[in-house]
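Here's the letter readout for the chains.
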Amino acid sequence: MKDDLMKLLNKLEKERDYHKIITVIEALSDEDKNSKIKLSLAKAYSHIDEFDKTIEILESIKDSESNTSIWNYCMGHSYYYLDNISEAERYLLKALEINPEDKPSIFLLALLYHELGDIDDTQKAIYYLNKSLNYFNTYSNLGGDEDITKDLISIEQKLAWNYDKLKQHEEAEKHLRKAISLGDNEEWVYSQLAYNLRSQERYEEALENYQKVIDLGRKDTWLYSEIAWTYFLIKKPQLALDYMKKAKKLSPVEVDLVLITRMSSILLALAEHKEAIKMIEEVISKEKYKNDINLLSNLAYIYIDLKDYEAALVYLQRLKELGRNDEWLNKNLILVYSKLEKKER
């Protein structure tokens, strides 16, 4: 009878008729439910997302089944979907200790570490993402059935993002190019690659990739601002200004401090001092920005460049009153005082 029952349960499992499996097994007497049958019942409950019930059944056969990879996998699987990551990891690692080639456990651990990689702590994120990548690669090498391409692309993207945050741009570039080689052809990857190349001072390559982003349909403030700044860095201020105007036009906010700071530098490079002053004074006339350190510093620098040392001193002193006290401020205060003393002589 038990052989016939197991054949039926195996047939129903292939047909994914998990409710039928539960009905058949629950109708049995306790004496007829051996460990293997209870394991089938636990798996069926797992498939209908009854994870607490799954764990309850698995605990009832712990003495006889906890030394098997399938029992540990089922425990890990249930805890994973109950968001108990530490318990899920413990059981899945145990499953692999018993059977190092258990593909379901390898796959789930890859997903688990991928999730753990979504954190702000850059070093920990890289650690978990690399673990995830290793498990996905192992799964693939064992001939796993699941298509993991999207997972691999996502991990490569996140590794690149975290390495860029650490300013390890060459390492980040490797992961971006790996994502592209896996088939990633989205705006994000080329946006990040362009930013990465700019950070490596490979400006022409950066511009090529920014153009790819435009070709893919992205047109927003961030993109045009990045292109503008890249042109500024290669001493093409007129092109920089053209793109900065596009960026400003598309800005979703009235005052974008990054745009204003970059625009002031570009205008300065074009000797458009009055335009730069007018733009910044318009912003600091607003209550919210009247004490903005960066804007006031930009104004002081512009007046120094104009050799209007009296106006520069006004803003340098204001910066000091606001608490700025660093090498840049002190150096420029010395310069301005020196110029004013010479003027008085």
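Up top you'll find the structure we're talking about.
Residues numbered from 1 in each chain as written. Predicted model: local features only at pLDDT ≥ 70, side-chain atom pairs only at ≥ 80, totals over all residues. Heavy atoms only, no water.

1. Details of the side chain of His 77
- Along the polypeptide, His 77 turns up in helix H6 (residues 69-81).
- The residues contacting His 77, other than those within four sequence positions of it, are Ser 46, Phe 51, Leu 92 and Leu 108. (Helix = DSSP H or I, 4+ residues; strand = E, 2+ residues; numbered from the N terminus. Contact = heavy atoms within 4.5 Å.)

2. Considerations on the packing of helix H15 (residues 237-250) against helix H16 (residues 257-269)
- Contact pair H15 / H16: the axes reach a minimum separation of 9 Å and the direction vectors enclose 150°. Between H15 and H16, the angle is such that the two are roughly antiparallel. As for how H15 packs across H16, the hand of that crossing is left-handed. When H15 is examined against H16, the residues Pro 237, Ala 240, Leu 241, Met 244, Lys 245, Ala 247 and Lys 248 are found in contact with a partner set consisting of Leu 259, Arg 262, Met 263, Ile 266, Leu 267 and Ala 269.
- Tallied by class, the residues present in the contact of H15 with H16 amount to 10 nonpolar, no polar and three charged. (Axes fitted to C-alpha atoms, helices over the stretch in contact; angles between N-to-C directions. Parallel < 35°, antiparallel > 145°, perpendicular 65-115°, else oblique. Left-handed = near helix turned anticlockwise from the far one by under 90°. Nonpolar A, V, L, I, M, F, W, Y, C, P; charged D, E, K, R; others polar.)

3. Notes on the layout of surface pockets
- Counted as a void, the largest pocket has a volume near 420 Å³.
- Along its surface, the largest pocket is lined by 13 residues, and Glu 13, Tyr 18, Lys 43, His 47 and Tyr 73 are the ones closest to its centre.
- Elements with a minimum of two residues in the lining of the largest pocket: helix H3 (35-47) and H6.
- When residues of the lining of the largest pocket are assigned to their parent elements, the largest contribution, five residues, is made by H6.
- Residue composition of the lining of the largest pocket, grouped by class: five nonpolar, four polar and four charged.
- Computed from the structure, the second largest pocket encloses a volume of approximately 300 Å³.
- Lining the second largest pocket are 13 residues, with Tyr 73, Pro 104, Phe 107, Tyr 139 and Glu 146 sitting closest to its centre.
- Looking at the lining of the second largest pocket, the elements that each hand over two or more residues are H6 and helix H8 (103-116).
- Looking at the lining of the second largest pocket, the element that brings in the most residues is H8, giving five residues.
- In the lining of the second largest pocket, the residues fall into seven nonpolar, three polar and three charged. (1 Å grid on protein atoms, 1.4 Å probe; cavity = no way out; pocket = protein on both sides within 12 Å on 5 of 7 lines; lining within 4 Å. Points joined across faces, edges and corners; volume = space filled by probe spheres on them.)

4. Points about the packing of H6 against H8
- For the pair H6 and H8, the least separation of the axes is 10 Å and the interaxial angle reads 25°. For the element pair H6 / H8, the angle class is roughly parallel. Viewed along their axes, H6 and H8 form a crossing whose handedness is left-handed. Counted together, Tyr 73, Gly 76, His 77 and Tyr 80 of H6 and Pro 104, Ser 105, Leu 108, Leu 111, Leu 112 and Glu 115 of H8 form the full contact between these two elements.
- Split into classes, the residues belonging to the contact of H6 with H8 amount to six nonpolar, three polar and one charged.

5. Thoughts on the nonpolar core
- Ranked by size, the top nonpolar core spans 108 residues in total, and within it Leu 58, Phe 136, Ile 227, Ile 280, Leu 316 and Val 336 carry the most contacts.
- Not counting chain neighbours up to four residues away, the residues in contact with Phe 136 comprise Phe 107, Ala 110, Leu 111, His 114, Ile 148, Asp 151, Leu 152 and Ile 155. (Core = buried A, V, L, I, M, F, W, Y, C linked by side-chain atoms within 4.5 Å. Buried < 20%, exposed > 50% of the residue type's maximum accessible area, 1.4 Å probe, protein only.)

6. A short note on unusual backbone geometry
- Even without being a glycine, Asp 83 presents a positive backbone phi close to 65°.
- Tracing the backbone shows Asp 83 in the loop between H6 and helix H7 (85-98).
- Look at Lys 307: it is not a glycine, yet its phi comes out positive at around 65°.
- Residue Lys 307 is classed as exposed on the basis of its relative accessible area of 60%.

7. Considering helix H19 (residues 309-321)
- In a regular helix each residue adds 1.5 Å, so 13 residues correspond to 18 Å; H19 covers 18 Å between its end C-alpha atoms and thus fits that length.
- Residues of H19 that are buried include every one of Tyr 309, Ala 311, Ala 312, Leu 313, Tyr 315, Leu 316 and Leu 319, and no others.
- A positive phi of about 105° marks Gly 323, the residue just after H19. (Expected span 1.5 Å × (residues − 1).)

8. Observations concerning the side chain of Asn 196
- Secondary-structure assignment places Asn 196 in helix H12 (residues 187-199).
- At 2.8 Å, the side chain of Asn 196 and the backbone oxygen of His 169 are in polar contact.
- Setting aside residues up to four positions removed in sequence, Asn 196 forms contacts with Asp 164, His 169, Ala 172, Glu 173 and Leu 176. (Polar contact = N/O pair within 3.5 Å; in protein donor to acceptor, adjacent residues only side chain to side chain.)

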